[in-house]
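So you can see what is in the structure, the chains are spelled out below.
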Amino acid sequence: MHRLTSAVEHRGRLCVGIDPHPGLLEAWGLPVSAEGLETFAEICVEAYVGEVAVVKPQVAFFEAYGSAGYAVLERTISVLREAGTLVVADAKRGDIGSTMAAYAQSWLGAESALSSDALTVSPYLGFGALDPALSLAAEQGRGLFVLARTSNPEGGDLQAAQTAGGVSVAQSMVDAAVRHNDAQPGLVGLVVGATRGHGLDLSNFSGPILAPGLGAQGATPGDLADIFPDSRKLLLPNSSRGVLGAGPSVTALREAAVKVRDEIESALS
Ligand SMILES: O=c1ccn([C@@H]2O[C@H](COP(=O)(O)O)[C@@H](O)[C@H]2O)c(=O)[nH]1
């Protein structure tokens, strides 16, 4: 949490995405192949390093190219982290505890080529199933972002459903995160979409919140203060396509990221 707080103080709260959609590769004049992917990622890295605190590669778009895609992802993560940019691997892993331990080693283990500063995880096999990842993250000084209320409209039926405890499923994830952070501040972050009112009580939650939905999904920096009235300090609004649409010029991409970054900072000041 200390590294995140310091990065955000220096380079703002925007978490910008590297989401190499095939349509974006084409729009950038790149082949839809692992070679195109590599150039796309290199342009993103050049544009973002030094300007934003946090970058979120969307693992799915690398995975689509198999081992060659993973090799590009490994290089991308490593170059970003060596340059001092925090990396959230958006892989949304979640499984029974014994398998979760292996996912944790892949994304948070110091020796892994995919080792990142934080990983998105799904708690829908039970928050307790995340324990091996929580332990490794704590040991390695990394973080987890646990899906609570996602930005997509389809998430509502499940996430807003009432649990036997009388709170929504999403709120139960927030409450579990609060309990873990009481023991280890900042270990658990949440994913809460910026696309609508989330209906959550976040007043006891002091960890980071990854808030996707700016740009292509319709949210604007001006919406953030209303949606997250009590969670501004470590709020990490995410925009991917909304910024990436400015490429392939490194300068134009950097300017687009800096513009959104600065709009977020003035909206949350
Ligand atoms: O609730 C969620 C969780 C994750 N995402 C991811 O964030 C980006 C958003 O991309 P845009 O291009 O800015 O829409 C993408 O990687 C999603 O998989 C999310 O949108 N909502």
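Residues numbered from 1 in each chain as written. Predicted model: local features only at pLDDT ≥ 70, side-chain atom pairs only at ≥ 80, totals over all residues. Heavy atoms only, no water.

Some points on the overall build of the protein chain
Inference 1: When its secondary structure is counted, the protein chain shows 12 helices and eight strands.
Inference 2: Relative to a compact globule of 269 residues, whose C-alpha radius of gyration would be 18 Å, the protein chain shows 17 Å and is just as compact.
Inference 3: With respect to the three principal axes, the spread of C-alpha positions in the protein chain is 50 × 40 × 35 Å.
Inference 4: Burial status across the protein chain gives 55% buried among its 269 residues.
Inference 5: Contacts spanning at least 24 positions in sequence make up 72% of the contacts within the protein chain whose residues lie at least 6 apart.
Inference 6: For the protein chain, the exposed area adds up to about 10800 Å²; of that, 51% sits on carbon and sulfur atoms. (Helix = DSSP H or I, 4+ residues; strand = E, 2+ residues; numbered from the N terminus. Rg over C-alpha atoms; globule rule 2.2 N^0.38 Å. Buried < 20%, exposed > 50% of the residue type's maximum accessible area, 1.4 Å probe, protein only. Contact = heavy atoms within 4.5 Å. Areas by Shrake-Rupley, 256 points an atom, 1.4 Å probe, with all protein chains shown as cover.)

Quick look at the UniProt feature "active site" (unreviewed entry) in the protein chain
Inference 1: Those residues carrying the UniProt feature "active site" (unreviewed entry) are K92 in this numbering.
Inference 2: On the basis of relative accessible area, K92 is assigned to the partly exposed category, the value being 38%.
Inference 3: When near neighbours in sequence (up to four residues on either side) are disregarded, K92 contacts Q58, T120, V121, S122 and L147.
Inference 4: Within the structure, K92 has its side chain in polar contact with the side chain of D90 (distance 2.8 Å). (UniProt positions renumbered as here; feature names shortened; annotations may be inferred. Polar contact = N/O pair within 3.5 Å; in protein donor to acceptor, adjacent residues only side chain to side chain.)

Side note on the nonpolar core
Inference 1: The biggest cluster of nonpolar side chains holds 77 residues, and the ones touching the most others in it are Y48, W107 and F228.
Inference 2: Broken down by element, this core gets its largest block of residues, nine residues, from helix 3 (residues 34–48).
Inference 3: Setting aside residues up to four positions removed in sequence, F228 forms contacts with V192, G193, A194, H198, L202, I209, A211 and L235.
Inference 4: Membership of the second largest hydrophobic core comes to 15 residues, among which are A53, V54, L86 and L147. (Core = buried A, V, L, I, M, F, W, Y, C linked by side-chain atoms within 4.5 Å.)

Re the sheet that holds strand 8 (residues 235–239)
Inference 1: The strand order around the closed barrel built from eight strands is 1-2-3-4-5-6-7-8, with neighbouring strands paired in parallel fashion. Put simply, the sheet's adjacent strands are angled 30° from each other on average, direction ignored.
Inference 2: In this structure, strand 1 (residues 15–18) lies alongside strand 8, joined through two bridges in parallel fashion. Counterpart to C15 in the pairing with strand 8 is N238.
Inference 3: Along the sheet, helix 9 (residues 169–183) contacts strand 5 (143–149) and strand 6 (188–192); its crossing angle with strand 6, the most-contacted strand, is approximately 160°. (Pairing = 2+ DSSP bridges. Axes fitted to C-alpha atoms, helices over the stretch in contact; angles between N-to-C directions.)

Let's talk about the site of the ligand
Inference 1: Among the 15 residues in the neighbourhood of the ligand, the closest are listed as D19, Q58, S151, Q217 and R241.
Inference 2: Separating an oxygen atom of the ligand from a side-chain N or O atom of K56 is a distance of 3.1 Å.
Inference 3: Between R241 and the ligand, the recorded distance is 2.7 Å, taken from a side-chain N or O atom to an oxygen atom.
Inference 4: When the ligand sits alone it has 460 Å² of accessible area, and the protein chains cover 87% of it.
Inference 5: Listed by contribution, the elements that provide at least two residues to the shell around the ligand are strand 3 (86–93) and strand 8.
Inference 6: Its residues placed into classes, the shell around the ligand shows three nonpolar, seven polar and five charged. (Near = heavy atom within 4 Å. Nonpolar A, V, L, I, M, F, W, Y, C, P; charged D, E, K, R; others polar.)

A few points about the packing of aromatic side chains
Aromatic ring pairs are defined here through the distance separating the ring centres and the angle between the ring planes.
Inference 1: As enumerated under the stated definition, the model contains one aromatic pair in all.
Inference 2: With a centroid separation of 4.0 Å and an interplanar angle of 20°, the aromatic rings of W28 and F40 are classed as stacked. Of this pair, W28 sits in the loop between helix 2 (22–27) and helix 3 while F40 is found in helix 3, placing the two residues 12 residues apart along the sequence.
Inference 3: Overall, W28 belongs to the buried group, its relative accessible area being 7%. (Phe/Tyr/Trp six-rings, centres within 6.5 Å; stacked < 30°, edge-to-face > 60°.)

Concerning the side chain of S151
Inference 1: On the secondary structure map, S151 appears in the loop between strand 5 and helix 8 (156–159).
Inference 2: The class of S151 is buried, set by a relative accessible area of 11%.
Inference 3: Only 2.7 Å separates the side chain of S151 from the side chain of Q217, close enough to count as a polar contact.
Inference 4: Not counting chain neighbours up to four residues away, the residues in contact with S151 comprise G193, T195, R196, P212 and Q217.

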